[in-house]
Every structure is written in C-alpha cells, then in structure tokens.
Amino acid sequence: MSMIPYGKQDISENDISAVFEVLQSDFLTQGPAVPAFESSVAEYCGADYAVAVNSATSALHIACLSLGLGKGDVLWTSPNTFVASANCALYCGATVDFVDIDSQTYNMSVDALRDKLELAEESGSLPKIVIPVHFAGQSCDMREIKTLSNQYGFKIIEDAAHAIGGKYLDKAIGGCQYSDITVFSFHPVKIITTAEGGLATTNDQNIARKLALYRSHGISSDIEDMDDRPEEEIWNYQQIDLGFNYRMTELQAALGISQIKRLDQFVAKRHALAVRYDELLVRLPITLPFQNCLTYSSYHLYPILIDLEQVEKGQKQIYNELIANGIGVNVHYIPVHRQPYYEKMGFSKGDFPESEIYHQRVLSIPVYFGMTFEQQDKVVEVLKIALVKKEGV
Ligand SMILES: *Cc1c(COP(=O)(O)O)cnc(C)c1O
C-alpha cells in the first residue's frame, strides 16, 4: 500500500531542465544562479536584500550572529517549532527561553510575550532576540510583536520556514516590515524546494553584508571591508571575521528559481485542499485550524486537534491507525523544551502548558501540491473511522 505523505515536493520538467542546464554550465557553485535566485525571492517578498544559504538552520545561525547574539545573551522563541529555531541561539553561545503559544493560532502568544517581557525587565534579563515562528504558514501578529520590540529593545527574526507565499496584512511574508530578518526553508516538505536550502531577507544593508560574510568564511573581496594595509599586501580577498561554508550551490539555486515561478500556484492548491478539509471534517470531534483574518496562510501544515473527551481512542492509537491505513500523519511539534537535550538544560514538563496541551491532541494531516481530491477523500474516510466517538457522547 502506498503512503499518502503529510507533505511532498512537486518537481516539474522545467525544474529538471533548469538543474540540468546548470550541470552543463561553467559554475556548479558561486556562479550567477544564486544571486538570480536571491533577486527573485527579494522581489517576491518586497525585501531589499536576500542571502541564500544551504539550509534555514544555517540562515537562523548567521541571522543571530549578524544581530550580534553571543555569550551572555538570551533568545526567546516558541516551543511549538522545529528545534532549529532554538538551537541557533546555542550555536552562538547564548541561552534560550520560550514564550508559550496562543491556544487558537498555535503561534507565540503576544499576551504571554508581553507578560514575560515585563518580568524580564524587572529582573534585568531581557532577550536580545525574539524569534516568532509562523506556524503552519500562518503569520504571527507581527505588528504587536514589533510594538513590544520598540518598547523593550529586542531584535526580531521571523522564522518563516513554513510560510513563503503567505501574507500578513496583505503583504508577502519576508518583506521585514516588522522584523530585522526573515528566514525561509526550502527543504522538500516546505512550500518550494531547493532540495536543502534556506534564505534570509532583510532591509538593512549592514545586516545583509554581515549575512553574506558569515555565509562564506568571513571572507570579503570588497576593498571597503578590507584591513588597511600597504598596497603590496592587498590581494583579491581578506578574511575579516570568522564565518562558515553555508553556501547554496548553483544547482539548488536553479531549482529555486524554477520553483518560485509556481509558488502562488502551490499555495492556491494548498488553500483549495484546506477549504475542502474544512468542509469535509466539520462534524468530526476535532478542532480545525483557526485562521486569523490579518493573515493569508501558505498552509504548510493542516493541524487538527482531537477532542479527547469525545473520542474513544487516544492520540497515539489514532496516529497508529492512520499510519496503518496509509495516511502519513505527523506530530508538529513535540514542544522543544520537552526534548531530552533541552530538559538536560533545566526545562521540564509543565513549563509551557499551552504548547503541551496542544501537543497531546495534535495531528498534522496530509496537505501538499500534488495531492489529489481522491487522496484527500481517502484521508477523510480513514479519519472518520479512527475518530469514532465514545458511547453516550
Ligand atoms: C524546517 C524548519 C527549519 C529548518 O529548516 P532547514 O532548511 O531544514 O534547516 C527551521 N524552522 C522551522 C519552523 C522549520 O519548520
């Protein structure tokens, strides 16, 4: 039996030709495709600068470095995210803390953030950076978070790994109207793919320059950046900081250029599937994903919350039953503070209760561009059987 996965890339003939062409060209890396891809993403999002790298994890790391995060600093993010949103702080020697989620959107709660900032100000432990995560592709309330950043002086990195193609207040996510940097992922389960890949957008020229430096060993070929030395000692490059090799290849960039042409089409199909799920699942004992009217989601995920009081089986049993029937469900996410590595740092069960209650009820059901309505009907049919109600409810 073939599995209907929770997410999957869609590769066209044009995507294949684009990569093939690069293979026969002069540059496999550090050629013209990466800057061309950066321009197309910057243009799509309405951002001034875009820096492409080999993953969103790398982008988050150098985004933190570019904002000066280091030892003794604190970074806050959502517990309902992939571990990379928090790990990036640890790479920089900083410490991580979390802000609990909103029970409707599953994004970082603005009220919880406000309360935590008030306490942190009193104890002199304000964060240097806050990373709101646009969970499932739905933007956080960035206007509110930006207001708090002005008040308390923290920087903002939007983790938009789920959210390229989404909008907030009618503007494309990634325009950085309410943040310093936005980060995207192009992993195959995300909205568009470059196999592995990530990108950071910003409107700040100095941040863009730092991102580009950290991406490639801290080396610059720009005479303006270089250390003032006698003419005989100036060559075509200098290492002026400590960076990494986080570069995206030309093959990946060519795939990205080809994929972004279909981005709106990808998101439109995800919306069509979401609308159908909304209708077909409405009578089941589950909570469907709430949509904030300020946002247009990219629908990276379609998370449903099981009403455990009404349903006969437990979350794990339902999960197993769906898998056994060829439906590739997933749990997004195990709260990061409940990961063994984070518990060893001192976090424990009960620290961020909304994210834990959510986690105990959630299942992400399949949604991706190539999914047919017939496949979706199959998902609905299996769900209806799995979610049989207890007697008497
Ligand atoms: C996928 C993901 C990342 C990491 O992306 P990679 O490109 O795989 O490094 C970071 N944050 C979130 C929220 C993600 O879903």
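Look up a bit, the structure's there.
Conventions and cut-offs
Residues numbered from 1 in each chain as written. Predicted model: local features only at pLDDT ≥ 70, side-chain atom pairs only at ≥ 80, totals over all residues. Heavy atoms only, no water. Core = buried A, V, L, I, M, F, W, Y, C linked by side-chain atoms within 4.5 Å. Buried < 20%, exposed > 50% of the residue type's maximum accessible area, 1.4 Å probe, protein only. Helix = DSSP H or I, 4+ residues; strand = E, 2+ residues; numbered from the N terminus. Phe/Tyr/Trp six-rings, centres within 6.5 Å; stacked < 30°, edge-to-face > 60°. Lys NZ or Arg CZ within 6 Å of the ring centre and 35° of its normal. Salt bridge = Lys/Arg side-chain N within 4 Å of Asp/Glu carboxyl O. Patch = residues over 30% accessible without salt bridge, like charges linked within 9 Å, V, L, I, M, F, W, Y side chains within 5 Å. Areas by Shrake-Rupley, 256 points an atom, 1.4 Å probe, with all protein chains shown as cover. Lys, Arg positive; Asp, Glu negative; His and termini not counted. Charge placed at Lys NZ, Arg CZ, Asp CG, Glu CD. Near = heavy atom within 4 Å. Polar contact = N/O pair within 3.5 Å; in protein donor to acceptor, adjacent residues only side chain to side chain. Nonpolar A, V, L, I, M, F, W, Y, C, P; charged D, E, K, R; others polar.

Caption draft 1: Structural view of the nonpolar core. Judged by nonpolar contacts, the single largest core of 34 residues is most densely connected at Ile157 and Val183. When residues of this core are traced back to their parent elements, those giving at least two are strand E1 (49–53), helix H3 (56–66), helix H4 (84–91), strand E3 (95–98), strand E4 (129–131), strand E8 (181–185) and helix H7 (205–215). The element best represented in this core is H3, accounting for seven residues. If you look at the next biggest cluster of nonpolar residues, it comprises 27 residues, including Ile4, Ile286, Tyr302 and Ala386.

Caption draft 2: Region of the structure containing the packing of aromatic side chains. Tallying each qualifying case throughout the model produces 16 aromatic pairs. Judged by centre distance (6.4 Å) and plane angle (75°), the rings of tyrosine 106 and phenylalanine 135 are edge-to-face. With tyrosine 106 in the loop between E3 and helix H5 (110–123) and phenylalanine 135 in the loop between E4 and helix H6 (142–152), this pair connects stretches of sequence that are 29 residues apart. When its relative accessible area of 3% is taken as the criterion, tyrosine 106 is described as buried. Here the aromatic rings of tyrosine 299 and tyrosine 302 are separated by 6.3 Å at their centres, their planes lie at 25°, and the arrangement is stacked. Accessibility assignment for this pair places tyrosine 299 and tyrosine 302 in one class, buried. Cluster of aromatic residues (ring-pair linked, three or more members): Phe98, Tyr341, Tyr342, Phe347 and Phe352. We note lysine 167 situated over the ring of tyrosine 296; from NZ or CZ to the ring centre the distance is 4.9 Å. Sitting over the ring of phenylalanine 369, lysine 269 keeps its end group 5.8 Å from the ring centre.

Caption draft 3: Geometry of the pairing of E8. By the criterion of burial, E8 is predominantly enclosed, with five of the five residues buried. The alternating pattern of E8 places Ile181, Val183 and Ser185 on one face and Thr182 and Phe184 on the opposite face, and all of these are buried.

Caption draft 4: Representation of the pattern of salt bridges within the structure. Counted by the stated rule, this structure contains 13 salt bridges. Put simply, arginine 229 and aspartate 227 hold a salt bridge, and the shortest N to O gap is 2.9 Å. Under the relative-accessibility criterion, arginine 229 is labelled partly exposed at 41%. Look at the salt bridges and you will find they share partners, linking Asp10, Asp15 and Arg262 into a network.

Caption draft 5: Just a negative patch on the surface, in detail. Judged by side-chain charge, Asp115, Glu118, Glu121 and Glu122 come together as a negatively charged surface patch. Mapped onto the elements, aspartate 115 comes out in helix H5.

Caption draft 6: Here's a closer look at the site of the ligand. Residues in close proximity to the ligand total 15 residues, the closest being Thr57, Asp159, His162, Ser185 and Lys190. Take threonine 57: an N or O atom from its side chain is 2.5 Å from an oxygen atom of the ligand. The separation between an oxygen atom of the ligand and a polar side-chain atom of serine 185 is 2.8 Å. Relative to its unbound accessible surface of 380 Å², the ligand loses 93% to contact with the protein. Of all the secondary-structure elements, those providing two or more residues to the shell around the ligand are H3 and H4. Among the residues forming the shell around the ligand, the class breakdown is six nonpolar, seven polar and two charged.

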